[in-house]
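This is what each chain is made of:
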Amino acid sequence: MKDKTIDYVLRTTWLTVNKMYNEEASKFDSTMATGFTLLNIDPENGTPSTALGPKMGMEATSLSRILKTMEQRGLIERRPNPEDGRGVLIHLTEFGREKRDLSKQKVLTFNETIRKHIPEEKINNFYEVAETINDMVCNKKIYNNK
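Predicted, not measured: the structure shown is a model, and the values here were computed from it.

A.B. asks: Before we move on, could you go through the packing of helix α5 (residues 94-117) against helix α6 (residues 120-138) and cite the residues and values that matter?
C.D. replies: When two helices pack together, their arrangement is given by the angle between their axes and by how far apart the axes lie. Put simply, α5 and α6 touch, their axes get as near as 8 Å, and they point 120 degrees apart. Between α5 and α6, the interaxial angle falls into the category oblique. Between α5 and α6, the contacting residues are N111, I114 and R115 on the first element and E120, I123 and Y127 on the second. Classifying every residue of the contact of α5 with α6 gives three nonpolar, one polar and two charged.

As structure tokens, then:
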């Protein structure tokens, strides 16, 4: 893969991981997006709907569709935010908590398996490189429009 561009490696690796998670989630009548959303909802206090998108790095439109489907499936419920009458908190239902635990287990299994096959130093390098790339992109250090 060393002859490939960095963006190509990032994209193809992510697509492969995404496909793996979706295949696994489909065994439980779910999707990776649903599992990811479940993992980002505070299981005790709920999460403001407005905070969920930025927390997950998703656009509001995409998240809105996912939340609607999750609500229809009985995974979440929307409740008024007691601290902000205009806001809504997304809470997990009991069924949502079960699916969240299952999603968490799948993520932990993935991480444990990767860590068994890659030395800690290389994992730390991976995180450092990913953090640097993320910083450069987020802070517009690549395509500066000056």
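A.B. asks: I'd like a description of the pairing of strand β3 (residues 84-92), backed by residues and values.
C.D. replies: Put simply, side chains in a regular strand alternate between the two faces of the sheet. Alignment of strand β1 (residues 47-48) against β3, held across two bridges, turns out to be antiparallel. Across the sheet, T47 pairs through a bridge with I90, a residue of β3. Relative to β3, strand β2 (residues 76-81) is paired through six bridges, and the arrangement is antiparallel. Its bridge partner lying in β3, E77 is registered against H91. As consecutive antiparallel partners, β2 and β3 are separated by two residues.

A.B. asks: An account of the environment of A130 is needed here, citing residue identities and associated values.
C.D. replies: As for its placement among the helices and strands, A130 is situated in helix α6. By relative accessible area, A130 is classed as partly exposed at 34%. C-alpha of A130 to C-alpha of L10: the two residues are 120 residues apart in sequence and 9.4 Å apart in space.

A.B. asks: Go over the packing of aromatic side chains with me, naming the residues and quoting the values.
C.D. replies: Scanning all chains against the criterion turns up two aromatic pairs. Pairing Y21 with F110 gives two aromatic rings, centres 5.7 Å apart and planes at 55 degrees, and the pair type is tilted. Of this pair, Y21 sits in helix α1 (residues 6-26) while F110 is found in helix α5, placing the two residues 89 residues apart along the sequence. The class for F110 is partly exposed, based on a relative accessible area of 25%. Look at F126 and Y127: their rings are 5.8 Å apart centre to centre, the planes differ by 55 degrees, and that puts the pair in the tilted class. The class of F126 is exposed, set by a relative accessible area of 54%. For Y127, a relative accessible area of 41% corresponds to the partly exposed category. Here the guanidinium or amino end of K4 rests over the ring plane of Y8, the centre of that ring lying 5.3 Å away.

Analysis parameters
Residues numbered from 1 in each chain as written. Predicted model: local features only at pLDDT ≥ 70, side-chain atom pairs only at ≥ 80, totals over all residues. Heavy atoms only, no water. Axes fitted to C-alpha atoms, helices over the stretch in contact; angles between N-to-C directions. Helix = DSSP H or I, 4+ residues; strand = E, 2+ residues; numbered from the N terminus. Parallel < 35°, antiparallel > 145°, perpendicular 65-115°, else oblique. Contact = heavy atoms within 4.5 Å. Nonpolar A, V, L, I, M, F, W, Y, C, P; charged D, E, K, R; others polar. Pairing = 2+ DSSP bridges. Buried < 20%, exposed > 50% of the residue type's maximum accessible area, 1.4 Å probe, protein only. Phe/Tyr/Trp six-rings, centres within 6.5 Å; stacked < 30°, edge-to-face > 60°. Lys NZ or Arg CZ within 6 Å of the ring centre and 35° of its normal.

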